[in-house]
Amino acid sequence: MGPRPHAGGRPSSLWAVPAISFFALFALFPMAVVVYLSFTKWSGIGAPVWSGTANWAKLTTDPQLSQSVRLSVLLTVVSWLLQTAICLPLGVYLAGHGRARALLAAVFFVPLLMSSAAIAILWAGLLDPNFGLASVLGPLVGVKDGNFIGDPQLAFWVIVTVVAWQFVPFHVLLYQGATRQIPVQLYEAARIDGAGRLRQFTSITLPQLRHTIITSSVLMLVGSLTYFDIVLILTGGGPGTATRILPLHMYLEGFRAFDMGYASVLAVLLLVVGTALSLVVTRVTGFNRMESQKEGL
Amino acid sequence: MSTTITRPPASGHGPGSARRGRPGRLARGRFNLVGGLSATVWFVIVSVPLYFLVTTSLRTSSQYLLAGPLSIPKNLSFANYRLVADSNFGVYFWNTLLVTVGCVAIVLVLALPAAYAMVRSQSKFVRRSFSLVLAGLAIPAQATIIPVYLMITKLHLYDTLIAIILPTAAFAIPLAVLVLTSSLRDVPNELYEAMSIDGASPFRTFLTLAVPLSRGGITTVGIFTAMGAWNGFLFPLVLTQSSSRRVLTLGLWTFQSQFGVNVPAICAAVTLSLLPLLILYLVGRRQLLAGLTAGFGR
């Protein structure tokens, strides 16, 4: 088709159509459907029935909602702070060279290879209060019965720890890569000016990593929606509802209590929050200006 | 500057060509107490669970109950691995493999031509669709599982491997397009022009120029798509049911309830599921890690 001799060898827009339509069908279209479903009553079997704003009204009467929102926000913020505090110095350290660091790095990244399911199940074994590591460590840190998961207060911190164990390697990797990109001349100049190690870190390394700090932070914030797998397997939201974060609340309402309509309301909330956060990613990190970033390099 | 492996060696014969890998050596090469200490602490935090995983998998149940969780196992037992192998592990493994291969194939077949069009085409539609795909990075899969479940049941695909493959692949497309466009942009414009002067069709240019020169990007996309599919949990959880369609992540969860207090057997299952990726990691660590931070490493 088309004027072949003058096409200039450029592909027509048809080339992008299959990918766009496939993506639209399974990712964009569901966003519209979930909004529709939030106005229906549906148990997961049969057809959804229009029910007006009944599900949305349930938001005000759901006794679990405020706890789930609070837990989600808390888990997100605590994980973000903790993981950043661990990842930034570690990444900078591992950017240096030497055999010891290379060896450490090789081990550090192993959790990256594991699925959330594998990690949660491994930790369930470690935290077994009878025979796991928890039975040995517990008494040392003041948890006499070693039952970390069974305690409503501690269970939350267990989740924070396991999530950090899973996601720290990825962000260390980001910081390591970014630190290695910092031009060595900056450090040379600083040394000539008599700047010490700490001064070099605060005046060169940190500002140079600004971009990565933002990228990593937003990925952590957005990624906190995926902590769902860990929580489901490790605590199931318990004990009681002590770790029932919002994505898990949605899953349990939909696929355990079979109230797909109300679960869709919660999904819409997640969608709005998640999308808003991610739009910040593309804005702040310049993903949408990919071309200009690469030019001149 | 990008750290993705797609970047061909740039200009670097000048005097200041100590550019990659080496920078920062002066500042960080020396002994660094704070860094070294925190690295050691994290090393312990990472390696103790891994040590527990492997050694426990090699204990018999009774040894596990008697010896401490961190003791060095006396006589190694592979009985747990036999038990896992006899408990449908092969089926789960095979299903996971099919899902992974299916996802990678779909993503590459769809994303490569799209990325090619987005780099080379001047049409407005293509430019808009690029922004659309980028915005797609923002969509949390969690929030779409209910409608995806509805669609899959309407398509009569519920409890099939295809049900897992379709949405998993769809959600991998944005990042794939992002990585592939940036790798295709590194192909010098002169080469495209030379091809078109020779009268090559877009299709030929694509096959003989674009695809071979973006091998790095293709590898990267292959790696993170495969990892995502191999480790995926949510879509299999919601879209399948029977044990003959179960993938490894769900299989591990089944083992956890099936084996109950037999933690050594559970550890053996987790170790086995990790093994293929671990082997890949040992063979091509650099490439694997680069693939994982695809698009974000900058």
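Q: Hey, could you run me through the overall build of chain B in this one?
A: A tally of helices and strands in chain B yields 14 helices and zero strands. Along the chain direction, N to C, the helices and strands of chain B fall in the order α-α-α-α-α-α-α-α-α-α-α-α-α-α. Each of the 298 residues in chain B was classed as buried or not, and the buried ones make up 50%.

Q: Just checking my understanding: could you explain the interface of chain B and chain A for this structure?
A: Frequently, the measure chosen for interface size is the accessible area removed from exposure when the parts meet. On the side of chain A, 95 residues touch chain B, which itself brings 103 residues to the contact. Examining the composition of the side of chain B that touches chain A, we find that 14 residues originate from one element, helix α2 (residues 33–57) of chain B, more than from any other. Partitioned by chemical class, the residues of the side of chain B that touches chain A number 68 nonpolar, 28 polar and seven charged.

Q: Teacher, can you tell me more about unusual backbone geometry here?
A: Most peptide bonds take the trans configuration, and most residues that are not glycine carry a negative phi. Cis geometry is adopted by the peptide bond preceding A:P239, which originates at A:G238 and carries an omega value of 0°. Positive phi is not limited to glycine here, since B:D159 has a value of about 65°. On the secondary structure map, B:D159 appears in the loop between α6 (145–154) and α7 (161–185).

Q: How should the environment of B:F203 be read in this particular structure?
A: Position of B:F203 among the secondary structure elements: in helix α9 (residues 202–213). C-alpha of B:F203 to C-alpha of B:I145: the two residues are 58 residues apart in sequence and 37 Å apart in space.

Q: What should I look at first to understand the domain arrangement of chain B in this one?
A: All names here are of chain B. Along its sequence, chain B is carved into domain 1 (34–77) and domain 2 (89–292). With eight residues of domain 1 at the interface, the matching set in domain 2 holds seven residues. Within the residue set of the side of domain 1 that touches domain 2, elements represented by two or more residues are α2 and α3 (61–66). A total of four residues in the side of domain 1 that touches domain 2 trace back to one element, the largest contributor, which is α2. Its residues assigned to classes, the side of domain 1 that touches domain 2 shows three nonpolar, four polar and one charged.

Q: Would you explain helix α7 (residues 152–180) of chain A in this entry?
A: Here α7(A) contains 29 residues, and its C-alpha end-to-end distance of 42 Å stays within 8% of the 42 Å for a straight helix at 1.5 Å per residue. Approximately 40° is the largest bend angle found in α7(A), and it occurs at A:F167, with the proline A:P169 only one to four residues beyond.

Q: Got a minute to help me understand the environment of A:H97 in this structure?
A: Residue and element names in this part refer to chain A. Locating H97 in the fold gives a position in the loop between α3 (65–95) and α4 (99–108). A count of 15 C-beta atoms within 10 Å places H97 in the partly exposed class. H97 sits 141 residues away from G238 along the chain, and the two C-alpha atoms are 44 Å apart.

Q: Even after reading the chapter, I still don't get helix α14 (residues 285–292) of chain B, so can you show me in this structure?
A: Since there are 3.6 residues in each turn of an α-helix, residues three or four apart along the chain are aligned in direction. Of the positions making up α14(B), those classed as buried are B:L288, B:L289, B:A290, B:G291 and B:L292. Along its buried surface, α14(B) packs onto α7 of chain A together with α10 (215–231) and α13 (263–283) of chain B.

Calculation criteria
- Residues numbered from 1 in each chain as written.
- Chains lettered and ligands numbered in written order.
- Predicted model: local features only at pLDDT ≥ 70, side-chain atom pairs only at ≥ 80, totals over all residues.
- Helix = DSSP H or I, 4+ residues; strand = E, 2+ residues; numbered from the N terminus.
- Buried ≥ 20, exposed ≤ 12 C-beta atoms within 10 Å, placed from the backbone.
- Contact = placed C-beta atoms within 7 Å.
- Nonpolar A, V, L, I, M, F, W, Y, C, P; charged D, E, K, R; others polar.
- Domains from an automatic or database assignment.
- Expected span 1.5 Å × (residues − 1).
- Bend = angle between axes of the 7 residues up to and from the residue.

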